[in-house]
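The residues making up each chain are set out below.
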Amino acid sequence: MNRRVLLTGGLALASFGGWFAYRTFRPLPSDVANAQRAEPLPDADTTDWAALSNEEWRERLTPVQYRVMREEGTERAFTSPLADEHRDGVYHCAGCDLDLFSSEAKFDSGTGWPSFWEPIAENRFGFNTDYRLWYPRLEYHCSRCGGHHGHVFEDGPPPTGLRYCNNGVALAFRPSTAQDEPA
Ligand SMILES: [Zn+2]
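Keep in mind that this is a model prediction, so the values were computed, not measured.

Conventions used here
- Residues numbered from 1 in each chain as written.
- Predicted model: local features only at pLDDT ≥ 70, side-chain atom pairs only at ≥ 80, totals over all residues.
- Pairing = 2+ DSSP bridges.
- Helix = DSSP H or I, 4+ residues; strand = E, 2+ residues; numbered from the N terminus.
- Contact = placed C-beta atoms within 7 Å.
- Core = buried A, V, L, I, M, F, W, Y, C linked by C-beta atoms within 7 Å.
- Buried ≥ 20, exposed ≤ 12 C-beta atoms within 10 Å, placed from the backbone.
- Arc of directions from axis to C-beta.
- Axes fitted to C-alpha atoms, helices over the stretch in contact; angles between N-to-C directions.

**Some thoughts on the pairing of strand 2 (residues 99-102)**
Piece 1. Relative to strand 2, strand 1 (residues 89-93) is paired through three bridges, and the arrangement is antiparallel. For His 92, the partnering residue across the bridge sits in strand 2 and is Asp 99.
Piece 2. Between strand 1 and strand 2, which pair antiparallel one after the other, the connecting turn spans five residues, and Asp 97 there sits at a positive phi close to 75 degrees.

Shown next, in the form of structure tokens:
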């Protein structure tokens, strides 16, 4: 092995080390994690969501929804039609119907999952750090029913710079009625 090969190898190793340290130790978007539930959730729903058993959730959800929302699974990329949904409307929680995202905050991330730069209000989600991959990710779940929805990353577009990467099966889309009618 000559010096050039050694030097190139060393540089590649150093680059990987820097990238690894960045991905592993960079801070999470703590202002998102610390968002306070400033206001109560909108409607006067009387269901005691926390009291629902796993069996009751299995009856309410499809198997893939149950896997994602109650066992923190991830649907396969590019499997949700909502990733390519461009109509105006509101995205609700598939578990409890809480309104979570407006189509105005949706963008095409190219990841194959519906992506948004902000929820309808800060009180819609709770956050946890998820260490299941080899770097920490900020997992978010519905404030009302506790269903897992996805992860939030700091590579989104302005104005927030955030990317809420949401499982499509965890969402129920309601298009604005006006556009459903022929002009
Ligand atoms: Zn919910």
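**Describing unusual backbone geometry**
Piece 1. Here the amide bond leading from Pro 158 into Pro 159 is cis, since omega sits at 5 degrees, within 30 degrees of zero.
Piece 2. Within the secondary structure layout, Pro 159 lies in the loop between strand 7 (148-153) and strand 8 (163-166).
Piece 3. Of note in this structure, Glu 72 is not a glycine but carries a positive phi near 55 degrees.
Piece 4. The residue Glu 72 is located in the loop between helix 4 (63-71) and strand 1 in this model.
Piece 5. Unlike most non-glycine residues, Phe 78 shows phi in positive territory, near 65 degrees.
Piece 6. Note that Phe 78 resides in the loop between helix 4 and strand 1.

**Structural notes on the environment of Trp 117**
Piece 1. Turning to its location among the elements, Trp 117 is positioned in the loop between strand 4 (115-116) and strand 5 (125-130).
Piece 2. Ignoring sequence-local partners within four residues, the contact set of Trp 117 consists of Ala 105, Phe 107, Gly 156, Pro 157, Thr 160, Leu 162 and Arg 163.

**Topic: the nonpolar core**
Piece 1. Cys 93, Ala 94, Leu 100, Cys 142, Val 152, Tyr 164 and Ala 170 are the most contacted members of the largest nonpolar core, which has 24 residues in total.
Piece 2. Counting only elements with at least two residues in this core, the list comes to helix 4, strand 1, strand 2, strand 6 (137-142) and strand 8.
Piece 3. Here this core takes three residues from strand 6, the largest share from any one element.
Piece 4. With near-sequence residues (within four places) excluded, Ala 170 lies in contact with Gln 65, Val 68, Met 69, Cys 93, Ala 94, Gly 147 and His 149.

**Some details on the environment of Gly 110**
Piece 1. Relative to the helices and strands, Gly 110 resides in the loop between strand 3 (106-107) and strand 4.
Piece 2. Taking the C-alpha atoms as reference points, Gly 110 and Ala 83, separated by 27 residues in sequence, lie 8.7 Å from one another.

**So, helix 4**
Piece 1. Buried within helix 4 we find Gln 65, Val 68 and Met 69. Projection of helix 4 onto a plane perpendicular to its axis shows the buried side chains occupying an angular sector of 80 degrees, all on one side. Summarising the geometry of helix 4, the exposed residues directed more than 90 degrees from the buried face are Pro 63 and Glu 71.
Piece 2. On its buried side, helix 4 packs onto strand 7.

**Looking at the sheet that holds strand 2**
Piece 1. Pairing within the open sheet is antiparallel, and its three strands lie in the order 2-1-9. Bordering the open sheet on either side are strand 2 and strand 9 (171-175), each of which pairs with just one other strand. Recorded for the sheet is a direction-independent mean angle of 30 degrees between the axes of neighbouring strands.

**Quick look at the sheet that holds strand 8**
Piece 1. Read from one edge of the open sheet, six strands run 3-4-8-7-6-5, paired in antiparallel fashion. In the strand order of this sheet, the two ends are held by strand 3 and strand 5, each with one partner.
Piece 2. As paired elements, strand 3 and strand 4 share two bridges and run antiparallel to each other. Of the residues in strand 4, the one forming a bridge with Phe 107 is Ser 115.

**Structural notes on the environment of Arg 70**
Piece 1. One can find Arg 70 in helix 4.
Piece 2. Sequence-wise, Arg 70 and His 149 are 79 residues apart; in three dimensions their C-alpha atoms are separated by 9.6 Å.

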